[in-house]
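# Descriptive analysis of the structure
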Amino acid sequence: MTQTRDERTRPGTAAPAAVPVDEPDRPDRIRRPSDAIRFAASVAGLAAVMLLVSFAQQTTHGLQNDVFEVTAHAPHLLLTLATLVSSFGVLAVPVAFAVERLFRKDGTRVAIALLAAVIAFVITVLLDDLRVATAPGGVLDSLIWGGTDTAPVHTDIAPVIAFVSAVGMAGRTRWQAATWTMIGMVALTGLAAAYASVSALAATYFLGRAIGHGTLYAVGTPNPRPPGPAVMAALERLGLRPVRARQLPGEADEVRRYGVEIARAPGAVPTDGTGTALPDGGWQLEVGVLDRDLQTAGLLYRVWRLVRLREASPRRPVRSLRRSLEQESLMAYAVDAAGVRTPRLVGTCEVGTEAALMAYEHVPGTRLDDLPDEQLTDGLLTAVWEQLKRLQSGRLAHRRLEGKAILVSDGGRPYLTGLSSGEIAVGDLALRLDLAQLLTTLALRVGPERAVRTAADVLGEQALASAVPLLQRVALSRDTRAMLRHHRDLLTRIREQIVGLKPESEAPPPVRLERFRPRTIFSIVALSIAAYIVIPQLSSVDPVQLVAGAEWWWVGLALAAAALTYLAAAFMLMGFVPERLPLGRTVLVQVAASFVKLVAPAAVSGVALNTRYLQRSGVRPGPAVASVGASQLMGMVMHILLLIVFGFVTGSTGNATRDLAPSRTVVIVLLALAVLAGVALTIPRVRRIVTGRLKSMFSGVVPRLVDVLQSPRKILTGLGGTLLLTVGFVVCLDASIRAFGGSLPWTAVVVVFLTANAVGSAAPTPGGLGAVETALTVALTISGLTAETATSAVLLFRLLTLWLPVLPGWGAFAYLQRKEAI
């Protein structure tokens, strides 16, 4: 019989020697993703409380009155006893836990928790010293509720909450219950005595949690992951006898894996806990360690996939350590029962309170990603498809059929591994997603032709046809999507191969996997930002006075000139694209850009939208970027030339605009800029950044310009559109000035517009917001207009060119999206 652990360690026998484990040095401290997530959640909760008490003061005050009335009927003796117990216990329980941790040699964690408590104490004292007299009716006044003699946050419990959050009581339910019971009693007695409010207690809770988890993440928590010897000791509790072990290579955020050699007592039957023999020689076991702190790794990405997609991701974005252990164990047994070839699960066991292990039978072999091309025979591919067929016959979904999840043994047989994301009893959609994923995985290695042909031999043409609507990037794993960036037409080629099996049948339309698309969020955010910016500006203007003081003949002319700019922008783009573009749709794209630029700098948003439009129109990505870059380059050159020419012309007129742009000043500024640019370019780092950005912006521009130069009509269209764009804006600005009784020489208006436009393009604000208004107002005032006239003219000009087109731009943007033109 196999010797048990108790028999090997009974009195009078020597204790087993420590199992040698070859593993890299463990870091003393780690930063856990869960601490960062909890810190962010606590800060969000604190912000929510502050907003709530700012906008719903009557509700919070009413809740406070209700609580006070309820506690007023409680027996006085009971409240007194609760006050005494909580006042003592709120400090005694954490201190007792700290002492217990010190005895268990966990002093570093206690020291970090004490640091968090000190930080919380200092912050709460500073907040307590803030008096409402400095900000009557503000947030602090709402928080303290009871008046200026009470505190907005509570110094007695905020440090305790920070300490508890940082010290780590996970898995110690009794300590958690005792600590939070004491904190709750302190809060209750504070409410009963009317020196605390519900909002202040909520703010104190979130503040303490934020400080505790923030300190823990900033300093780093003592590494709770059990070392290799502790894992081997847990294996012994399963009745296994590890002799030596080595940690296998892997990514930092993946499950730790150990190759383990086990020993057998002389004459004993090889045991795995079920009486099944284990192989001899080399590593008999491959042990995966589930660390508790890694259970939240990638949480935000998984939540995003869960919210955005219907069935393309597992239903649980985060699992507890126990849940993960049970889920993978259940999947391993279900896969084995379905007849799928997979390493056999030998046993599972917890390793302390911070980890658990899963011991699998070790199968010597190579991952599909690392397998040489010459070994990827049709026979191997057929065997892989046979394993998928068995998996799907058992209604099991793997969810991550990537190359690293397929192990090819030394004997050439495929095994499915990596079952942590798998699910049982799934629907047809999950099974088809697995099929689409495996098709893409194999096509990346052997090409679509072989992948589809071998799959059809095993699964049949009908099964493959069901996967066609799901061959979408969004349905695939993150690593697969990254690889598809270098094979952009691969999914299309897979679809063509499958449809080619039955040429007479039509390809089914794609399945809508997304609940919403990222561009939907983009539209909502853009409208929100626009409303947030527009409403305050409009509220500061007297519309009656503005309407009464304007001459509507000039307003109409300004509106027509503003509308002309969209036609000019369309001509400007069409002139630098050798391919034919429809005029109406191109104008709509420029109108849509007026909506997009509210959430991005104008130059950036226009480039991105026009590039997307060209690609949707059939222009390949490289030429599309080059065409937009060519139009931007020519626009920039034309802008500089016009600014120089009109600057000299304006400076020579000898009128009131002399101070705005005299020729001598223009020359001095240009020379100064040239000197600064030359000095900056002598710095290697600056030179690399500038070269890289210019190369990315104008890569392929020269060949594209050569193509355009072969067509005089295209040259005329592009340059004419560039000039017409400037003329439209200048006429709009001049008409806006005249609408309020002002007048400037047209050369001065040109210089004012070109200067303000350059400032707006350089400003990192949406649509040059703020920078353009300031530049226009200052330039017009210097040119001789009164401040009132300049401000009114600028407001009208920006209303016609920036704010008024927002609603039509949104409509054009939505229409072009529906037509898949952008």
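Reference entry: report on the structure contained in this document.

Reading guide: rules and limits
- Every residue gets a number counted from 1 within its own chain, in the order that chain's sequence is written.
- Predicted model: local features are reported for residues with pLDDT of at least 70 only, side-chain atom pairs are reported and counted for 80 or more only, and whole-chain, interface and lining totals are derived from all residues.
- To obtain the side-chain values, all non-hydrogen atoms of the structure were included, while hydrogens and water were left out.
- Strands here are runs of E lasting at least two residues and helices are runs of H or I lasting at least four, both read from the DSSP assignment and numbered beginning at the N terminus.
- For every residue, the accessible area (1.4 Å probe, protein chains only) is compared with the maximum for its type, and the residue is labelled buried under 20%, exposed over 50%, or partly exposed between those bounds.
- The contact criterion used throughout is that any non-hydrogen atoms of two residues lie within 4.5 Å.
- All accessible-area figures derive from a Shrake-Rupley calculation using a 1.4 Å probe, and residue coverage is judged against the displayed protein chains alone.
- Only centres within 6.5 Å qualify two rings of Phe, Tyr or Trp (six-membered ring in Trp) as a pair; their planes then separate them into stacked at under 30 degrees, edge-to-face at over 60, and tilted for everything else.
- A patch consists of residues exposed above 30% relative accessible area that lack any salt bridge, with like charges linked at up to 9 Å and nonpolar side chains (Val, Leu, Ile, Met, Phe, Trp, Tyr) linked at up to 5 Å.
- Salt bridges are identified by distance alone: a Lys or Arg side-chain nitrogen within 4 Å of an Asp or Glu carboxyl oxygen.
- One requirement defines pairing of two strands: DSSP has to find at least two bridges between them.

### Comments concerning the overall build of the chain
- Each helix and strand counted, the chain has 32 helices and 13 strands in total.
- Counting every position in the chain, which comprises 822 residues, the buried fraction comes to 44%.
- For the chain, restricting intrachain contacts to residue pairs at least 6 apart in sequence, the fraction spanning at least 24 positions comes to 77%.
- Carbon and sulfur atoms make up 63% of the accessible area of the chain, which amounts to about 40,900 Å² in all.

### Considering the packing of aromatic side chains
- In total, this model carries six aromatic pairs according to the counting rule given.
- When the ring of Phe97 is compared with that of Trp175, the centres are 5.3 Å apart and the planes differ by 65°; the resulting orientation is edge-to-face. Residue Phe97 is located in helix α4 (residues 76–103), and its partner Trp175 is located in helix α8 (residues 173–192); the two are separated by 78 residues in the primary sequence.
- By relative accessible area, Trp175 is classed as partly exposed at 27%.

### Focus: the environment of Asp457
- Structurally, Asp457 can be placed in helix α15 (residues 448–459).
- Its relative accessible area of 60% is what places Asp457 among the exposed residues.
- Considered as a pair, Asp457 and Trp385 are 72 residues apart in the sequence and their alpha carbons are 9.0 Å apart.

### Overview of a nonpolar patch on the surface
- Among the surface-exposed residues, Leu115, Ile119, Ile123 and Val219 lie close enough to one another that they form a single nonpolar patch of about 260 Å² accessible area.
- No other element matches the three residues that helix α5 (residues 107–129) contributes to the nonpolar patch.
- What makes Leu115 partly exposed here is its relative accessible area of 39%.

### Let's talk about the pairing of strand β6 (residues 285–291)
- Of all the seven residues making up β6, seven are buried; the element is thus mostly covered by neighbouring parts of the structure.
- Burial of β6 is two-sided: the residues Leu285, Val287, Val289 and Asp291 facing one way and the residues Glu286, Gly288 and Leu290 facing the other way are all buried.
- Where β6 and strand β8 (residues 355–361) come together, seven bridges link them in antiparallel fashion. The residue of β8 that forms the bridge with Leu290 is Ala356.

### Points about unusual backbone geometry
- At Arg395, a position not held by glycine, the phi torsion is positive, near 60°.
- Within the secondary structure, Arg395 is located in the loop between α13 (378–393) and β10 (396–397).

### Focus: the pairing of strand β11 (residues 406–409)
- Of the two faces of β11, the one holding Ile406 and Val408 and the one holding Leu407 and Ser409 are both buried throughout.
- Bridging between strand β9 (residues 365–367) and β11 involves three bridges; their strand directions are antiparallel. For Gly365, the partnering residue across the bridge sits in β11 and is Ser409.
- As paired strands, β11 and strand β12 (residues 414–416) are joined by three bridges and run antiparallel to one another. Bridge pairing in β12 links Val408 to Pro414.

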